[in-house]
Amino acid sequence: MPKNSRPTLTTGQGFSAAPDSEREGRVSGHVLKALRRAVGHTQESLAERIGVDVSTLQGWESGRRPLMAVSTGQYFRLRHLLHRLGAAPRLLTQLDTALEADRFLGYVLGAGRTVDLESHPLATWVITRPFTDLVAWPFIGVAPAVLAETGSSVRRGPTGSGPELAADERQHISAHLRAAAEQASRDTVKGSLLRRQAHYVTGFDTSAETAEWLAVMQGAEKRRLRAAAEWSPSWAVVRSGAHSLARKGDTEALPEFIDAHVSTDACENANLNYWAYWLGEVADPQLADTFMVELDVDAWRGDRMLNHLTGKLDPANPYVDIVVHSLWALIIRKPGLLDDRNAASTTPIVLRLLDEGTVSQRSRRELEAVLYALRMAQRR
């Protein structure tokens, strides 16, 4: 069993009967290790600066002594010290988010298949990209970009290169999330939020069973959505489901979603507003998916989204169709985002994608419209 793993079903101890998030610390431990290395300290030297025994720091980094269980005062002393030692604010923010990721993993690992639909972590807020990247890390073995950029989170060491999940833990998490999605109400905003986010997070499990389940659930959600022409919370469920299927190699999932369900102004705005939230253009936490249609698209700038979407114009990207469509829709709604500089840098990327001829016909038409807008911007 990995050193940073809690007792599992294979040990004979089983999972606790009730959620116990304070026993979980594997994600925050690895983020803390990345922070320590980023500021150039060994475990011994940082422990001395903090004023704790080196075994305590080792326990935090391995997850054996979950960082979540320390006092608030001790946590903030640690955080402020790391800042003074030169840790970048965005890395410190990752540590805060890692605690939330550990809380989620601890909750799910301690819960059974009977789901508390009111207090479940995926029913109480719209999860963010930083949170999702950290939760996905122990499933897919890929560190969030902000940590990978430091070069410290992927080094080998006594506790491994990243947080790990034992096989039975993966199975338990997947089974719990599938149960949450199936038990969540289909007629309430909160139920749809839980259903959508359980679908999406379950998609990080690579088992064939999960892939089959996602396809079945997506089919059921699409049949339900056909009855409505406008945006609804079920629309958001189908959007996330299409992304999960695309990640698993279904090349038709996103084009079908775009063709069938992104045809009205409300749905176009919902797609862009979700991107804005996902990429941090919308800073305020959201409690329900209804923000997608309640938020004015003029409430956020779009610079970050433009840069992100441009950087994802890659035929190998499983999400390339939604990226192209969203870039096209963003430029239509916010033409002022384009200037000489970003138009000049984006044009060769668009031309290369058009020349490769690997995108759908719809994406090709939208790329041609984007190319026209880029050339007009360069002539201004």
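1. Section: the overall build of the chain
Okay, so step 1: Helix and strand counts for the chain stand at 18 helices and zero strands.
Okay, so step 2: Here the C-alpha radius of gyration of the chain, 22 Å, is about what a compact globule of 380 residues would show, namely 21 Å.
Okay, so step 3: Its C-alpha atoms give the chain principal-axis dimensions of about 65 × 45 × 35 Å.
Okay, so step 4: Scored against the burial criterion, the 380 residues of the chain give a buried share of 55%.
Okay, so step 5: Of the contacts formed within the chain by residues at least 6 apart in sequence, a portion of 71% connects residues at least 24 apart.

2. With respect to helix α18 (residues 361–379)
Okay, so step 1: Along its 19 residues, α18 runs 28 Å from first to last C-alpha, staying within 8% of the 27 Å computed at 1.5 Å per residue.
Okay, so step 2: Along α18, the residues that are buried comprise Ser-363, Glu-366, Leu-367, Val-370, Leu-371, Ala-373, Leu-374 and Ala-377. Along the axis of α18, the buried residues cluster in a sector spanning 165°; they form a single face. In this structure, α18 carries Gln-361, Arg-365, Tyr-372 and Arg-379 as exposed residues pointing more than 90 degrees from its buried face.

3. Re the nonpolar core
Okay, so step 1: Grouped together as the largest cluster of nonpolar side chains are 115 residues, with contacts concentrated most on Leu-67, Leu-82, Phe-104, Trp-235, Met-305 and Leu-313.
Okay, so step 2: The element best represented in this core is helix α5 (residues 89–110), accounting for 11 residues.
Okay, so step 3: Phe-104 has contacts with His-120, Pro-121, Leu-122, Phe-131, Val-135, Leu-177 and Val-201, leaving out every residue within four places of it along the chain.

4. Regarding the packing of aromatic side chains
Okay, so step 1: Counted under the stated rule, the structure contains nine aromatic pairs.
Okay, so step 2: A centroid spacing of 5.8 Å and a plane angle of 65° characterise the contact between Tyr-75 and Phe-76, whose relative ring orientation is edge-to-face.
Okay, so step 3: According to the relative accessible area criterion, Tyr-75 is buried, its value standing at 9%.
Okay, so step 4: For Phe-76, a relative accessible area of 40% puts it in the partly exposed group.

5. Looking at the pattern of salt bridges
Okay, so step 1: As enumerated under the stated definition, the model contains 17 salt bridges in all.
Okay, so step 2: Where Glu-61 meets Arg-36, a salt bridge forms, and the shortest distance between an N and an O atom there is 2.5 Å. In this pair, Glu-61 is assigned in helix α3 (residues 54–62) and Arg-36 in helix α1 (residues 26–38), connecting sequence segments 25 residues apart.
Okay, so step 3: Given a relative accessible area of 1%, Glu-61 falls into the buried group.
Okay, so step 4: A residue is classified by how much of its surface remains accessible, and Arg-36, at 6% relative accessible area, is buried.
Okay, so step 5: Each of the salt bridges in this network shares a partner with another, and the network as a whole consists of Glu-24, Arg-26 and Glu-169.

Basis of the calculations
Residues numbered from 1 in each chain as written. Predicted model: local features only at pLDDT ≥ 70, side-chain atom pairs only at ≥ 80, totals over all residues. Heavy atoms only, no water. Helix = DSSP H or I, 4+ residues; strand = E, 2+ residues; numbered from the N terminus. Rg over C-alpha atoms; globule rule 2.2 N^0.38 Å. Buried < 20%, exposed > 50% of the residue type's maximum accessible area, 1.4 Å probe, protein only. Contact = heavy atoms within 4.5 Å. Expected span 1.5 Å × (residues − 1). Arc of directions from axis to C-beta. Core = buried A, V, L, I, M, F, W, Y, C linked by side-chain atoms within 4.5 Å. Phe/Tyr/Trp six-rings, centres within 6.5 Å; stacked < 30°, edge-to-face > 60°. Salt bridge = Lys/Arg side-chain N within 4 Å of Asp/Glu carboxyl O.

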